[in-house]
Amino acid sequence: SAVISQKPSRDICQRGTSLTIQCQVDSQVTMMFWYRQQPGQSLTLIATANQGSEATYESGFVIDKFPISRPNLTFSTLTVSNMSPEDSSIYLCSVVLAGALEEQYFGPGTRLTVT
Amino acid sequence: GEDVEQSLFLSVREGDSSVINCTYTDSSSTYLYWYKQEPGAGLQLLTYIFSNMDMKQDQRLTVLLNKKDKHLSLRIADTQTGDSAIYFCAESRSTLGRLYFGRGTQLTVWP
């Protein structure tokens, strides 16, 4: 496995502001994903973070609302822009490690509350 | 309907076995996973099974896969209070691919 860290672990933000979440991995990574887990719900994929190029977004998610960067293999950021209370969720990054392509590991998550 | 379905709640007594069930719809699933989420924590990968297998055992955990019926189960032997958590079933349709999750089963273990 690997150590996956996310910052911040939680935050309370005001409506209309933006928050950037960081994901850092201590091992070589092939794939990185960002998921959202709304209260009491399952995980929904937001996008695949591609190294050095634009992320690939799932239906219902757009770059203007959730810009993603991945400047290198082991680091990515997700920004939640112009937040509303509906954005209150846990945001999780997940990775597929080089050498263990069938295993997907999750970070501890960022718990976001928008007031 | 949902790609992956699970019952939402399961309660067992400490020391008993727990069986958490999951059904999925896509016949092209390659790997099927079980994750555990404790309160306030991220998802912990418990175990996974390749779609051409029908059983996998790992200490107290046994995974059974019925590919014909698209049914996956996770059996936890000698369930402990520390096993209380939400258990998510997930499937992937390709190596390196995204995961499709069920809504999770809340397992409560009573002493």
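As a reminder, the structure under discussion sits directly above these lines.
The structure reproduced in this document is the subject of the present report. A quick note: this is a predicted structure, and the numbers were derived from the prediction, not measured.

The partner chain B presents 19 residues to the 22 residues of chain A that form the contact. Across the contact surface, chain A and chain B share one salt bridge. Close ionic contact of Arg98 of chain B with Glu58 of chain A constitutes a salt bridge, the shortest N to O distance being 3.1 Å. At the surface where chain A touches chain B, the tally comes to 11 residue pairs in polar contact (both at pLDDT 80 or more). Put simply, the parts of the chain that give the side of chain A that touches chain B at least two residues each are strand E4 (29–37), strand E5 (43–49), strand E9 (89–97) and strand E10 (100–106) of chain A. Considering each element in turn, the side of chain A that touches chain B owes the most residues, six residues, to E10 of chain A.

As a further point, take the state of the cysteines. Applying the stated criterion across every chain, the model contains two disulfides over all chains. Residue Cys22 of chain B pairs covalently with Cys89 of chain B via a disulfide, S to S 2.0 Å. Sign of the S-S torsion, about -65 degrees for the bond between Cys22 of chain B and Cys89 of chain B, identifies this disulfide as left-handed. Within this pair, whereas Cys22 of chain B is found in strand E3 (residues 18–24), its partner Cys89 of chain B is found in strand E9 (residues 85–92), the two being separated by 67 residues in sequence. Each of the two residues, Cys22 of chain B as well as Cys89 of chain B, counts as buried. Sulfur of Cys13 of chain A: no disulfide; nearest cysteine sulfur belongs to Cys93 of chain A and is 18 Å away.

Here we come to the packing of aromatic side chains. The description of two aromatic rings rests on the distance between their centres and on the angle between their planes. According to the stated counting rule, one finds 13 aromatic pairs over all chains in the structure shown. Ring geometry for Phe106 of chain A against Phe101 of chain B: centres 5.8 Å apart, planes inclined by 75 degrees, an arrangement best described as edge-to-face. Here Phe106 of chain A, found in strand E10, pairs with Phe101 of chain B, found in strand E10 (residues 99–101), and the two come from separate chains. Exposure class is identical for Phe106 of chain A and Phe101 of chain B. Each is buried. Ring geometry for Phe88 of chain B against Phe101 of chain B: centres 6.2 Å apart, planes inclined by 85 degrees, an arrangement best described as edge-to-face. Of this pair, Phe88 of chain B sits in strand E9 while Phe101 of chain B sits in strand E10, placing them 13 residues apart in sequence. Pair check on accessibility: Phe88 of chain B and Phe101 of chain B agree, each one buried. Positioned above the aromatic ring of Tyr48 of chain B is the side chain of Lys56 of chain B, whose terminal nitrogen or guanidinium carbon lies 4.3 Å from the ring centre.

Rules of the game
Residues numbered from 1 in each chain as written. Chains lettered and ligands numbered in written order. Predicted model: local features only at pLDDT ≥ 70, side-chain atom pairs only at ≥ 80, totals over all residues. Heavy atoms only, no water. Contact = heavy atoms within 4.5 Å. Salt bridge = Lys/Arg side-chain N within 4 Å of Asp/Glu carboxyl O. Polar contact = N/O pair within 3.5 Å; in protein donor to acceptor, adjacent residues only side chain to side chain. Helix = DSSP H or I, 4+ residues; strand = E, 2+ residues; numbered from the N terminus. Disulfide = S-S within 2.5 Å. Buried < 20%, exposed > 50% of the residue type's maximum accessible area, 1.4 Å probe, protein only. Phe/Tyr/Trp six-rings, centres within 6.5 Å; stacked < 30°, edge-to-face > 60°. Lys NZ or Arg CZ within 6 Å of the ring centre and 35° of its normal.

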